[in-house]
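Reading the structure
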Amino acid sequence: RARAARVELVDAVGEVWSRAVVAGPPERRAACVSLLAAALPSAYALPGPSAEKNGPSAPSSARSGGLAESAAAKWLRPFARALWELKHRDPATTTKMLVALRTVASRATETQAPATHEALVAVESELAPFFALAPPPSADPDAPRAQAKLGPFARLPARAQNEAVALLGCLPALSPATVRAVAHAA
């Protein structure tokens, strides 16, 4: 019964989070980010003494009794869109979101958290516009280079920009589109 209630709660938070990203008021987005920033890193707690009891390959939620990895992975998916939607209007919330995402990305491994790895790949694939809208290079080497349009990253304060750059180093891989966007934003 408690497990079913937990699953319902996780699903409800996921639904509110997804709706807040798409069309929610800024206050709801900020509240969701605060909740997720507190909950997500704990789902990927670093192994401690209790890891020996459950085994080092046990999911962190089994070690800590916290949020299930599949739920945490589901919550990660809207992060790239949320970063775009927040733009530079709420740098504190953006920074909090980037810190939470970087913390999860730095702790989750493909073998220990496959759903999270997949979610991080999806987030990365949608992250390029946050840095810049950079068209791919022309097939003609003599063609003039198309101008990129800077994304919200360019107008964020230095701390948020540093967190965004640090996040890149923790993601499973960087697509050519993201590398191109970051190069234009730098």
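Cut-offs and rules
Residues numbered from 1 in each chain as written. Predicted model: local features only at pLDDT ≥ 70, side-chain atom pairs only at ≥ 80, totals over all residues. Heavy atoms only, no water. Phe/Tyr/Trp six-rings, centres within 6.5 Å; stacked < 30°, edge-to-face > 60°. Buried < 20%, exposed > 50% of the residue type's maximum accessible area, 1.4 Å probe, protein only. Helix = DSSP H or I, 4+ residues; strand = E, 2+ residues; numbered from the N terminus. Contact = heavy atoms within 4.5 Å. Salt bridge = Lys/Arg side-chain N within 4 Å of Asp/Glu carboxyl O. Expected span 1.5 Å × (residues − 1). Arc of directions from axis to C-beta.

Examining the packing of aromatic side chains
All chains considered together, the criterion is met by three aromatic pairs. Taking 5.3 Å as the distance between ring centres and 80° as the angle between the ring planes, the aromatic pair formed by Phe130 and Phe131 counts as edge-to-face. Accessibility expressed as a relative area gives 1% for Phe131, which makes it buried. Relative to Phe153, the ring of Phe131 has its centre 4.8 Å away and its plane inclined at 45°; by these criteria the two rings are tilted.

A closer look at the environment of Leu101
In this structure, Leu101 sits in helix H7 (residues 91–107). What makes Leu101 buried here is its relative accessible area of 0%. The spacing of Leu101 and Val123 is 22 residues in sequence and 9.6 Å in space, taken between C-alpha atoms. Here Leu101 is in contact with Leu76, Phe79, Leu120, Val123 and Leu167, once residues within four sequence places are set aside.

Topic: the pattern of salt bridges
Scanning all chains against the criterion turns up three salt bridges. Across the pair Glu118 and Arg77 runs a salt bridge, and its minimum N-O distance is 3.1 Å. In this pair, Glu118 sits in helix H8 (residues 114–125) while Arg77 sits in the loop between helix H5 (69–76) and helix H6 (79–86), placing the two residues 41 residues apart along the sequence. Residue class for Arg77 comes out partly exposed when judged on its relative accessible area of 35%. Measuring nitrogen to oxygen at the nearest pair gives 3.5 Å for the salt bridge that ties Glu85 to Arg81. Of this pair, Glu85 and Arg81 are both found in helix H6, four residues apart, which corresponds to roughly one turn of the helix.

Focus: H8
For H8, which comprises twelve residues, the first-to-last C-alpha distance of 17 Å matches the rise-based estimate of 16 Å (1.5 Å per residue) to within 8%. For H8, the full list of buried residues reads Thr116, Ala119, Leu120, Val123 and Glu124. The buried residues of H8 all sit within an arc of 140° when viewed along its axis, so they share a single face.

Comments concerning H6
Those residues of H6 that sit buried are Phe79, Ala80, Ala82, Leu83 and Leu86. End-on, the buried residues of H6 take up no more than an arc of 160°, which puts them together on one face. Within two residues after H6, Lys87 carries a phi angle of roughly 50°, on the positive side.

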